[in-house]
Amino acid sequence: MPKIHFFTQADNQPPKAQKEPPTIKAKYRLTNWPEYNKSLINRGFTTLWLDQNTLDHWYFEGPRVAGGLFHYSEQCIQAALALKAVFRPHERPVAFRQTQGLIQSLLDVMKMELQVPSYTQLCRRQARINAFIPPTPPRDIPSERIYIVLDSTGLKVYGEGEWKVKKHGADKRRTWRKLHLAVDEATSELHAVELTTNAISDADMVKPLVANITYPIARSSGDGAYDQVKVYEELETRRIEPVIPPRCNAVIWTDEAGNDLIHPRNEAIRQIDCVGLAEWKRQIGYHRRSKAETGMFRWKTTFGERLSTRLLANQQAEARVKASCLNRLTKLGMPKAVKQVPT
């Protein structure tokens, strides 16, 4: 009697592919914990923000002109705004009234007979001062060209919390501002900062960001949002090497006659076609752009994700003050980590 074989559904299916072994996440070890721990402690010193130079130039020393005169110097107003930005919980920002009381208490403890600007003066003058303090020369040779990484993030003005949005959906009254940063790849310091509305794209802010940097720039890196003609033209004008990944549907740029242009973007596309995007990023050092992501993370963990003011001009001044504070915190000390080799 012939043997009958019954085929099952599993017989018609191809053999299952073997699962790839899970990737092991790299671990890093901090090598300068004592110095970094000391810098974290020094962040709480009020003398860092209310130093002797500020106290010596507390009152306005400019020329007398017709009309109302300033009573307090820009250093005084900026020190007050820095205290307001740094010494605050993330979800409950210190208002101008509390800032006035904080400075008054500090001066009383220091036995200094100085008048304190009122909360109305702080509110009026915050948009008029040039609050951003660019970093000092980060290297021994001031003429050395630096490597700048660009990125942007959103800061909330008002709106519901994330829990309410997750449970019931977003309401119409949710307003955000866009923060654009230019970060030094080697020192993590901020060389330029701009705050705009949501309507302004990342590529539109490359020119003002680069124009505000006083040091010569060798390279500038950004994500795919900066893959636009005006960005390459601006960087080429300033003789800055672009490190920008082309988009997934990128094509070779040609001239009017149809000939391929000699352009860094075309060279990047050809190299990606040969070795792949991941290998191209590794060869060109694109992953150093993550310093911009780190800068955004440090901003939000230090100052929160919200803006405490409502007018755009005041919000821009608030962003400049916070950028200067972040540069001061960076100078106190940064963690140095080395990648551990798996055994």
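All of these numbers come straight from a predicted model, not from anything done at the bench. (Residues numbered from 1 in each chain as written. Predicted model: local features only at pLDDT ≥ 70, side-chain atom pairs only at ≥ 80, totals over all residues. Heavy atoms only, no water.)

Student: Got a minute to help me understand the pattern of salt bridges in this structure?
Tutor: Any two side chains of opposite charge can pair if their charged atoms end up close together. Tallying each qualifying case throughout the model produces twelve salt bridges. Residues Asp-202 and Lys-178 are paired through a salt bridge, measuring 3.2 Å at the closest nitrogen-oxygen approach. One end of the pair, Asp-202, is in the loop between β4 (190-196) and α8 (206-211); the other, Lys-178, is in strand β3 (residues 175-184), with 24 residues separating them in the sequence. Here Asp-202 and Lys-178 have matching classes, each one buried. For the salt bridge of Lys-322 with Glu-318, the shortest nitrogen-to-oxygen distance reads 2.8 Å. In this pair, Lys-322 and Glu-318 both sit in helix α13 (residues 312-332), four residues apart, roughly one turn of the helix. It is possible to trace a salt-bridge network through shared partners that takes in Asp-151, Arg-289 and Glu-293. (Salt bridge = Lys/Arg side-chain N within 4 Å of Asp/Glu carboxyl O. Helix = DSSP H or I, 4+ residues; strand = E, 2+ residues; numbered from the N terminus. Buried < 20%, exposed > 50% of the residue type's maximum accessible area, 1.4 Å probe, protein only.)

Student: Is there a simple way to think about the pairing of strand β2 (residues 146-158) in this case?
Tutor: Each regular strand carries side chains that alternate between the two faces of the sheet. Most of β2 is tucked away, with eleven of its 13 residues classed as buried. For β2 and strand β5 (residues 217-221), the ladder comprises four bridges, and the chain directions are parallel. Residue Val-149 lies in a different strand from β5, and its bridge partner there is Ser-221. In terms of strand pairing, β2 meets β3 through ten bridges, oriented antiparallel. Bridge pairing in β3 links Leu-155 to Arg-177. (Pairing = 2+ DSSP bridges.)

Student: Help me understand the sheet that holds β5, please; the structure alone is not making it clear to me.
Tutor: Hydrogen bonds along the backbone pair up the strands of a sheet, which may run parallel or antiparallel. Strand order in this open sheet of five strands is β4-β3-β2-β5-β6, and the pairing throughout is mixed. At either margin of the open sheet sits one strand with a lone partner, and together these are β4 and β6 (241-243). For this sheet, the mean angle separating the axes of adjacent strands, direction not counted, is 25°. Bridge count for β5 against β6 is three bridges, and the pairing is parallel. Bridge pairing in β6 links Ser-220 to Pro-242. In the packing of α13 onto the sheet, contacts are made with β2, β3 and β4, and the angle to β4 comes to roughly 160°. (Axes fitted to C-alpha atoms, helices over the stretch in contact; angles between N-to-C directions. Contact = heavy atoms within 4.5 Å.)

Student: Would you explain the environment of Arg-289 in this entry?
Tutor: One can find Arg-289 in the loop between α11 (277-284) and α12 (290-303). C-alpha of Arg-289 to C-alpha of Asp-151: the two residues are 138 residues apart in sequence and 8.7 Å apart in space.

Student: I would appreciate a short explanation of the packing of aromatic side chains in the present structure.
Tutor: Note on aromatic pairs: each is described by the distance of the centres and the angle between the planes. Within the structure shown, the criterion is met by five aromatic pairs. An angle of 80° between the planes, with centres 5.7 Å apart, marks the rings of Phe-60 and Phe-70 as edge-to-face. Placement of the pair is Phe-60 in the loop between α3 (52-56) and α4 (74-86) and Phe-70 in the loop between α3 and α4, with a sequence separation of ten residues. Among the residues examined, Phe-60 registers a relative accessible area of 34% and is labelled partly exposed. By relative accessible area, which is 38% here, Phe-70 ends up partly exposed. (Phe/Tyr/Trp six-rings, centres within 6.5 Å; stacked < 30°, edge-to-face > 60°.)

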